[in-house]
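Each chain, written out:
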Amino acid sequence: MTLEQAKEKLMDLQKTITAYNHALGLLFFDGATSAPRGTAANRGQTMSVLSQALYRLNTRPDTVELLAFLDENRSALNEREQRMVDLLRKEGRKMERIPAEEYMAFRRLSVEANAVWRTAKEQSDFALFAPYLQKRFDMSRKIAGYCAPDVDPYDFWLNDNEEGISRALCDDFFASVRSRIVPLLQAVQSRPQLDNAIIKGRFPVAPQAVLAHKLMDVLQLDPLHVGLATTEHPFTTSLGSHLDERISTHYYEEDYSYSMFSIIHEGGHALYNTGSDDSLAYTVLDGGVSMCVHESQSRFYENYLGRSRAFCEYLFPVLREIFPEHLKNGTAEAFYRAINRVEPTLIRTQADELTYCLHVLVRYELEKRAMAGELAVADMPDEWNRLYKEYLGIDVPNDRRGILQDSHWADGYLGYFPSYALGNAYGAQFLRKMKETVDVDGCLRRGDLRPINEWNRQHIWQYGCLYRPADLFRRATGESFDPTVYADYLEQKYTALYDL
């Protein structure tokens, strides 16, 4: 086999892998959005068969030999080809270590657990979901043991979501941020509360849907490549390549801001995915490089842009046209203050910027201890409730609004939650760097996000998975990650808002 033939086989291999992932993604999206509840077992069977084919493709001898040959000749490969080989070998080695039947069961569990989670949430009954969550932790420990027997299982999954992070790093990060957030939160709570009546009331779904599509236009999400659906828990998924993205939202008639920020948040994910260079399509380099970088983009658009005073000045007249009766006497400043009101809440996705990391910290502590065998699954609801009282000062009334609110554990995303908090902090440094060359506030006041999107495309999106997360971060900002930038941002914003 010549080097050129091997390169052709490398590209063909990635196209085939992409096709399987495309089919699996479509089945997952269908199950989370419009599929009838009783179809989960059928869908799980199909996904199991496809996952088995993908497993065999990644581990069969000719694939292993091809990647070994290319690695031996890596000096003759360009930067992209070297990275492709590295990522494929990493995934292949991981699969090789997992018995095929256990890999299939692990993938099938996500479908089964998600269907049960939805029912358990509707009925606010954690006991229904508990056996599946127990399986999730048990199987995740086994998978980690196969793949990295000398590594702490939770560290394995943290690193699987964000190459280079660990429990020690997360412990230090949360301790650092909490030391700044808690005193600031206490100071804010000593001040008169901001009025949020402007976002409360009755807002039918139809005009909210109009707002959703307007926001997609403002974000510059291409309707030819980005679709919108409704679901219990909003999410984004990439289907096959950056050329096919799906986002979802959930409408609450009593508060239009929930769906509004869901669209902006998920839109940030979709912008990142669709921003990959077209030459990366159908390769393992296509799409976002890690969950922390991904969440840096979603939270960047949701908070640093979406909750800014400048964007409120643009958006409020649009909102008044969509909800004229309720907003006829409102102002952009009142809207800005309402959506930045600091008020500890039960629901993570409805949390303000200041308390958000505390929601993530609860989840991090629970899954860390459960993975270590220090916390029984049956005891997780009580511990969840205790931590919400300790960190946020609120009582949890039921499982639906407590431990069952997120779908992540059902879907198998252990070690994912810290990505939200770390991504928040990444975004502060991206914004600071962007402002050196882009008039961010001016763009937001005009509702013209093109210069903002272009900066992100040039410095982050276009590279897909070409660079490791830490390397990409340094290329974009010219510096290493520094969580104090995030804490400084929060202090500056909320000191001004609450006249501290």
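For the structure, check the block above.
This text gives an overview of the structure that appears in the document. (Residues numbered from 1 in each chain as written. Predicted model: local features only at pLDDT ≥ 70, side-chain atom pairs only at ≥ 80, totals over all residues. Heavy atoms only, no water.)

## Points about the overall build of the chain
Line of reasoning, step 1. Regarding its fold elements, the chain presents 22 helices and three strands.
Line of reasoning, step 2. For 500 residues, the compact-globule estimate of 2.2 N^0.38 gives 23 Å, and the C-alpha radius of gyration of the chain, at 23 Å, lies within 12% of that figure.
Line of reasoning, step 3. For the chain, buried positions account for 57% of its 500 residues.
Line of reasoning, step 4. In the chain, 75% of the contacts between residues at least 6 apart in sequence involve partners at least 24 apart.
Line of reasoning, step 5. Carbon and sulfur atoms provide 49% of the accessible area of the chain, an area that totals close to 20,300 Å². (Helix = DSSP H or I, 4+ residues; strand = E, 2+ residues; numbered from the N terminus. Rg over C-alpha atoms; globule rule 2.2 N^0.38 Å. Buried < 20%, exposed > 50% of the residue type's maximum accessible area, 1.4 Å probe, protein only. Contact = heavy atoms within 4.5 Å. Areas by Shrake-Rupley, 256 points an atom, 1.4 Å probe, with all protein chains shown as cover.)

## Focus: the nonpolar core
Line of reasoning, step 1. In this structure, Tyr 256, Met 260, Tyr 301, Leu 319, Phe 335, Met 380 and Ile 452 are the most contacted members of the largest nonpolar core, which totals 163 residues.
Line of reasoning, step 2. Broken down by element, this core gets its largest block of residues, eleven residues, from helix α15 (residues 353-371). (Core = buried A, V, L, I, M, F, W, Y, C linked by side-chain atoms within 4.5 Å.)

## Topic: helix α12 (residues 309-322)
Line of reasoning, step 1. The end-to-end C-alpha distance of α12 is 20 Å, a good match for the 20 Å that 14 residues give at a rise of 1.5 Å each.
Line of reasoning, step 2. In the structure, α12 departs most strongly from a straight axis at Leu 315, where the bend amounts to approximately 35 degrees and where the proline Pro 317 lies between one and four residues downstream.
Line of reasoning, step 3. Residues Ala 310, Phe 311, Cys 312, Tyr 314, Leu 315, Phe 316, Val 318, Leu 319 and Ile 322 constitute the buried set of α12.
Line of reasoning, step 4. Tucked into the core, α12 has its buried residues touching α9 (205-219), α10 (256-274), α11 (291-305), α13 (324-327), α14 (332-339) and α19 (440-446). (Expected span 1.5 Å × (residues − 1). Bend = angle between axes of the 7 residues up to and from the residue.)

## Points about helix α8 (residues 167-189)
The periodicity of an α-helix, 3.6 residues per turn, causes residues three or four positions apart to be oriented the same way.
Line of reasoning, step 1. Helix length check: α8, at 23 residues, gives a terminal C-alpha distance of 31 Å against a target of 33 Å (1.5 Å per residue), a fit within 8%.
Line of reasoning, step 2. Every buried residue belonging to α8 is among Cys 170, Phe 173, Phe 174, Val 177, Ile 181, Leu 184, Leu 185 and Val 188, and all of these are buried.

## Description of the sheet that holds strand β3 (residues 245-249)
Line of reasoning, step 1. Pairing is mixed across the open sheet formed by three strands, whose spatial order is β1-β3-β2. The sheet terminates laterally at β1 (226-230) and β2 (236-238), the two strands that pair on one side only. Shown here is a sheet whose adjacent strand axes are inclined to one another by a mean of 20 degrees, direction ignored.
Line of reasoning, step 2. As paired strands, β2 and β3 are joined by three bridges and run antiparallel to one another. Within β3, the residue paired with Thr 236 across the bridge is Ile 247.
Line of reasoning, step 3. In the packing of helix α1 (residues 3-33) onto the sheet, the strands contacted are β1, β2 and β3, and the crossing angle to β1 comes to about 35 degrees.
Line of reasoning, step 4. Strands in contact with α10 are β1, β2 and β3; relative to β3, the strand with the most contacts, it is inclined by about 165 degrees. (Pairing = 2+ DSSP bridges. Axes fitted to C-alpha atoms, helices over the stretch in contact; angles between N-to-C directions.)

## Comments concerning the pattern of salt bridges
Line of reasoning, step 1. In the structure shown here, the tally under the stated rule is 40 salt bridges.
Line of reasoning, step 2. When the shortest N-O distance is used, the salt bridge between Arg 400 and Glu 232 registers 3.8 Å. Residue Arg 400 is found in the loop between α16 (380-392) and α17 (408-411), and its partner Glu 232 is found in the loop between β1 and β2; the two are separated by 168 residues along the sequence.
Line of reasoning, step 3. By relative accessible area, Arg 400 is classed as partly exposed at 29%. (Salt bridge = Lys/Arg side-chain N within 4 Å of Asp/Glu carboxyl O.)

## Here we look at the pairing of β3
Line of reasoning, step 1. Of all five residues in β3, four are buried; the element is thus mostly enclosed.
Line of reasoning, step 2. Judged from the five bridges that link them, β1 and β3 form a sheet pairing that is parallel. Residue Thr 230 lies in a different strand from β3, and its bridge partner there is Thr 249.
Line of reasoning, step 3. In textbook terms, the turn of a hairpin is the stretch between consecutive antiparallel strands, and for β2 and β3 this stretch comprises six residues, one of which, Gly 240, has a positive phi near 90 degrees.

## Focus on the packing of α8 against helix α22 (residues 483-497)
Line of reasoning, step 1. Packing of α8 against α22 leaves a shortest axis separation of 10 Å and a crossing angle of 5 degrees. Taken together, the axes of α8 and α22 lie roughly parallel to each other. Contacts between α8 and α22 involve Phe 173, Ser 176, Val 177, Arg 180, Ile 181, Leu 184 and Val 188 on the former and, on the latter, Pro 483, Thr 484, Tyr 486, Ala 487, Asp 488, Leu 490, Glu 491, Tyr 494 and Thr 495.
Line of reasoning, step 2. For the contact of α8 with α22, a count of residues per class yields ten nonpolar, three polar and three charged. (Parallel < 35°, antiparallel > 145°, perpendicular 65-115°, else oblique. Nonpolar A, V, L, I, M, F, W, Y, C, P; charged D, E, K, R; others polar.)

## Observations concerning the state of the cysteines
Line of reasoning, step 1. Scanning all chains against the criterion turns up zero disulfides.
Line of reasoning, step 2. With no disulfide of its own, Cys 170 lies 7.3 Å from the sulfur of Cys 292, the closest cysteine sulfur.
Line of reasoning, step 3. In this structure Cys 170 comes out as buried when scored by relative accessible area, which is 0%.
Line of reasoning, step 4. Residue Cys 465 stays outside any disulfide, its sulfur separated by 14 Å from that of Cys 292, the closest cysteine.
Line of reasoning, step 5. Exposure remark for Cys 465: the relative accessible area of 9% places this residue in the buried category. (Disulfide = S-S within 2.5 Å.)

## Digging into unusual backbone geometry
Line of reasoning, step 1. Phi at Ser 124 is positive, roughly 55 degrees, even though this residue is not glycine.
Line of reasoning, step 2. Examined against the element boundaries, Ser 124 turns out to sit in the loop between α5 (100-123) and α6 (126-147).

## Examining the packing of α11 against helix α18 (residues 418-434)
Line of reasoning, step 1. α18 packs onto α11 with a crossing angle of 65 degrees between their chain directions and a minimal axis gap of 7 Å. As for how α11 packs across α18, the hand of that crossing is right-handed. Residue-level contacts link Met 291, Cys 292, Val 293, Glu 295, Ser 296, Gln 297, Arg 299, Phe 300, Asn 303 and Tyr 304 of α11 to Ser 419, Tyr 420, Leu 422, Gly 423, Asn 424, Tyr 426, Gly 427, Ala 428, Phe 430, Leu 431 and Met 434 of α18.
Line of reasoning, step 2. Partitioned by chemical class, the residues of the contact of α11 with α18 number twelve nonpolar, seven polar and two charged. (Left-handed = near helix turned anticlockwise from the far one by under 90°.)

## Remarks on the environment of Ile 403
Line of reasoning, step 1. Mapped onto the elements, Ile 403 comes out in the loop between α16 and α17.
Line of reasoning, step 2. Residue class for Ile 403 comes out buried when judged on its relative accessible area of 6%.
Line of reasoning, step 3. Each C-alpha atom of the pair Ile 403 and Gly 201 lies 27 Å from the other, and the pair is 202 residues apart in sequence.

## Considerations on the packing of aromatic side chains
Line of reasoning, step 1. Tallied over the full model, the rule gives 32 aromatic pairs.
Line of reasoning, step 2. An angle of 80 degrees between the planes, with centres 5.0 Å apart, marks the rings of Phe 156 and Trp 157 as edge-to-face.
Line of reasoning, step 3. Taking the relative accessible area as the measure of exposure, Phe 156 reaches 12% and is therefore buried.
Line of reasoning, step 4. An angle of 35 degrees between the planes, with centres 6.1 Å apart, marks the rings of Phe 417 and Tyr 420 as tilted. For the pair formed by Phe 417 and Tyr 420, the shared burial category is buried. (Phe/Tyr/Trp six-rings, centres within 6.5 Å; stacked < 30°, edge-to-face > 60°.)

## Some points on the side chain of Asn 424
Line of reasoning, step 1. With respect to the helices and strands, Asn 424 occurs in helix α18.
Line of reasoning, step 2. The exposure class of Asn 424 is buried, given its relative accessible area of 2%.
Line of reasoning, step 3. There is a polar contact of 2.9 Å between the side chain of Asn 424 and the side chain of Arg 299.
Line of reasoning, step 4. Those residues within four positions of Asn 424 in sequence are excluded, and the remaining contacts are Arg 299, Asn 303, Tyr 304, Tyr 356, Cys 357 and Tyr 486. (Polar contact = N/O pair within 3.5 Å; in protein donor to acceptor, adjacent residues only side chain to side chain.)

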